[in-house]
Amino acid sequence: MEIVNKNAALLSNFEVFTLLKETKEKSAQKLIKKKNLDPNNSNFSTNVDKHLPTVVYESLKYLEKTPCVKQSAETVNNFLTQLDEKFKEYNLTKVEKLQLLNHRPSSAVELQCLIEDSEERFTIEQMDNLLEFVHLFDGKTFFTIFNQRLKFNCT
Amino acid sequence: MYMLTEMKDVVHVKPWYFEQDLLNVIEDELNKKFANKVIFQLGLCVALFDIKEIFNSTVLPGDGSSHTKVLFRYVIFRPLIDEILVGKVKSSSREGIYISLSFFDDIFVPSANLQKPFRFDEKEQLFIWQYDTGDSVHDLYIDIGEEIRFRVVSESFIDTTPIGPPKKSDINNLSISSVVQNKDEIKCPYMIIGSINEPGLGLLNWWRV
């Protein structure tokens, strides 16, 4: 076995979650096919591998409790592009953006943990803006949420 | 938390799988070989991501199976240093607490990396963070089964490939008891050391607004 590229890409929890669901589907389909082709085969269970189903099941069980369950390819894309647009001057690293996507922090303390040296890099107001965006983002544009806030302030 | 690694390996396809589609067989064989296993200095292999290239298959003399070199990408679990993760407290002892993500169990937070000041309750075998609010000191227990947020401080890989039986010259020096002891030592191939010594880390319900 040869490792060609140790770190070809970083994956978000959402991508792994999607992949694992597909893998589970494929295995279920293969099992059904096997049973249909040879229903009387007594050797059926001897070659069943337990490692892949175990890790898939446990990983899905873990990921189902994270925010990635509610994400879709579109929302992830929107989130990252808007993070780049609205918060360009923040200079967030790739890893920090990934952690924001995976955790979706809901409090300032959580945000401070995820972002390195946040007290030195940003003011409290900047942190609040970032927190609001990350926590409230639900696939819609930030502009819509901002507009709603304006409406509340005006009335 | 997860990364993609590109690898090249030879897949042996047994003759009784020749009637099946080669792609399916290769996928199954790769998952059978790597899933849920730790590769030294790489991480825990989770699942096959995709196959990039399948090279020509060869048949070797005296062996009916075909050997195919495959270039593929695999999803590897390997948290980065200083990454934040959320897990469940599995058990605790005087040395520290053990945390588990359901698919990965070997995460250890040594007592030195707990929120200070703390004390260890011998009767319940649990750690307590003595949180001082100014007026009073609250005893916050680190209970088993609770969700906990921690930072990855370091990782350690141990090569667990078998080393074979002890050499003849060593047998005379080794007593029976020491040989038996070596067998009982279960070495952990991939272990993560964590820390909760920061505001925001520790049990989730400590910081819930």
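If you're wondering where the values come from, they're calculated on a predicted model, not measured in any experiment.

About the thresholds
- Residues numbered from 1 in each chain as written.
- Chains lettered and ligands numbered in written order.
- Predicted model: local features only at pLDDT ≥ 70, side-chain atom pairs only at ≥ 80, totals over all residues.
- Heavy atoms only, no water.
- Helix = DSSP H or I, 4+ residues; strand = E, 2+ residues; numbered from the N terminus.
- Buried < 20%, exposed > 50% of the residue type's maximum accessible area, 1.4 Å probe, protein only.
- Contact = heavy atoms within 4.5 Å.
- Areas by Shrake-Rupley, 256 points an atom, 1.4 Å probe, with all protein chains shown as cover.
- Phe/Tyr/Trp six-rings, centres within 6.5 Å; stacked < 30°, edge-to-face > 60°.
- Patch = residues over 30% accessible without salt bridge, like charges linked within 9 Å, V, L, I, M, F, W, Y side chains within 5 Å.
- Salt bridge = Lys/Arg side-chain N within 4 Å of Asp/Glu carboxyl O.
- Lys, Arg positive; Asp, Glu negative; His and termini not counted.
- Charge placed at Lys NZ, Arg CZ, Asp CG, Glu CD.
- Buried area = accessible area lost by both parts, 1.4 Å probe.
- Polar contact = N/O pair within 3.5 Å; in protein donor to acceptor, adjacent residues only side chain to side chain.
- Nonpolar A, V, L, I, M, F, W, Y, C, P; charged D, E, K, R; others polar.
- Pairing = 2+ DSSP bridges.
- pLDDT = per-residue confidence, 0-100.
- Axes fitted to C-alpha atoms, helices over the stretch in contact; angles between N-to-C directions.

*Asks:* Just to check I follow, could you spell out the overall build of chain A for this structure?
*Replies:* A count of helices and strands for chain A gives 8 helices and 1 strand. Moving toward the C terminus, one meets the helices and strands of chain A in the order β-α-α-α-α-α-α-α-α. For chain A, the proportion of its 155 residues judged to be buried stands at 36%. Once local pairs closer than 6 in sequence are excluded, the contacts in chain A between residues at least 24 apart make up 68%. With the model as given, the accessible surface of chain A reaches about 10000 Å², and the carbon-plus-sulfur share is 53%.

*Asks:* How do you make sense of the packing of aromatic side chains when you look at a structure like this?
*Replies:* Geometrically, a pair of aromatic rings is defined through the distance of the ring centres and the angle of the planes. Residues and elements named next belong to chain B. Applying the stated criterion across every chain, the model contains 22 aromatic pairs over all chains. Plain terms: the ring middles of F77 and F104 are 5.3 Å apart, the flat faces sit at 55° to each other, and that makes the pair tilted. Note that F77 is positioned in strand β4 (residues 66–77) and F104 in strand β7 (residues 104–110), a separation of 27 residues in sequence. A single burial state applies to F77 and to F104, both of which are buried. Centre to centre, the rings of F157 and Y190 are 4.5 Å apart; their planes meet at 0°, and the pair counts as stacked.

*Asks:* Help me understand a negative patch on the surface, please; the structure alone is not making it clear to me.
*Replies:* Side chains of E116, D117, E119 and E120 of chain A together with D82 of chain B sit close together on the surface and give a patch of like negative charge. Along the chain, D117 of chain A falls in the loop between α5 (108–114) and α6 (118–121).

*Asks:* Can you walk me through the interface of chain B and chain A in this structure?
*Replies:* Many structure descriptions define interface size as the accessible area lost when the parts assemble. If you look at the interface, chain B gives 48 residues, while chain A gives 37 residues. Together, the buried faces of chain B and chain A total about 3800 Å²; carbon and sulfur atoms form 61% of this surface. For the pair chain B and chain A, the number of links is 3 salt bridges. Residue R149 of chain B is joined to E110 of chain A by a salt bridge in which the shortest nitrogen-to-oxygen separation is 3.4 Å. Counting across the interface, chain B meets chain A through 16 residue pairs in polar contact (both at pLDDT 80 or more). Of all elements in the fold, only β1 (2–13), α1 (22–34), β3 (43–59), β4, β5 (84–93) and β11 (147–157) of chain B reach the threshold of two or more residues within the side of chain B that touches chain A. Here the residues of the side of chain B that touches chain A sort into 27 nonpolar, 7 polar and 14 charged. For strand β1 (residues 2–11) of chain A and β1 of chain B, the ladder comprises 6 bridges, and the chain directions are antiparallel. Bridging from a neighbouring strand, I3 of chain A pairs with M7 of chain B of β1 of chain B.

*Asks:* Hey, could you run me through the confidence of the model for chain B in this one?
*Replies:* When pLDDT is low, close inspection of the predicted coordinates is not appropriate. All names here are of chain B. In this model, chain B carries a mean pLDDT of 88, and residues with pLDDT of at least 70 account for 91%. Note on residues 177–181: pLDDT under 50 across the span, and 1 contact to partners over four residues away in sequence or across chains. For this predicted complex, the interface confidence score (ipTM) comes to 0.85, while the overall pTM stands at 0.85.

*Asks:* Help me out: how do you make sense of the sheet that holds strand β2 (residues 38–39) of chain B in this one?
*Replies:* Neighbouring strands of a sheet are bound in pairs by backbone hydrogen bonds; such pairs are parallel or else antiparallel. One open sheet holds the 5 strands; their spatial order is β1(A)-β1(B)-β4(B)-β3(B)-β2(B), and the pairing between them is antiparallel. Strands at the two margins of the open sheet, each flanked by one partner only, are β1 of chain A together with β2 of chain B. Pairing analysis gives 2 bridges linking β2 of chain B to β3 of chain B, with the strands arranged antiparallel. Residue pairing across strands places V38 of chain B opposite L44 of chain B, the latter belonging to β3 of chain B. Strands β1, β2, β3 and β4 of chain B of the sheet are contacted by α1 of chain B, whose axis makes an angle of about 135° with β3 of chain B.

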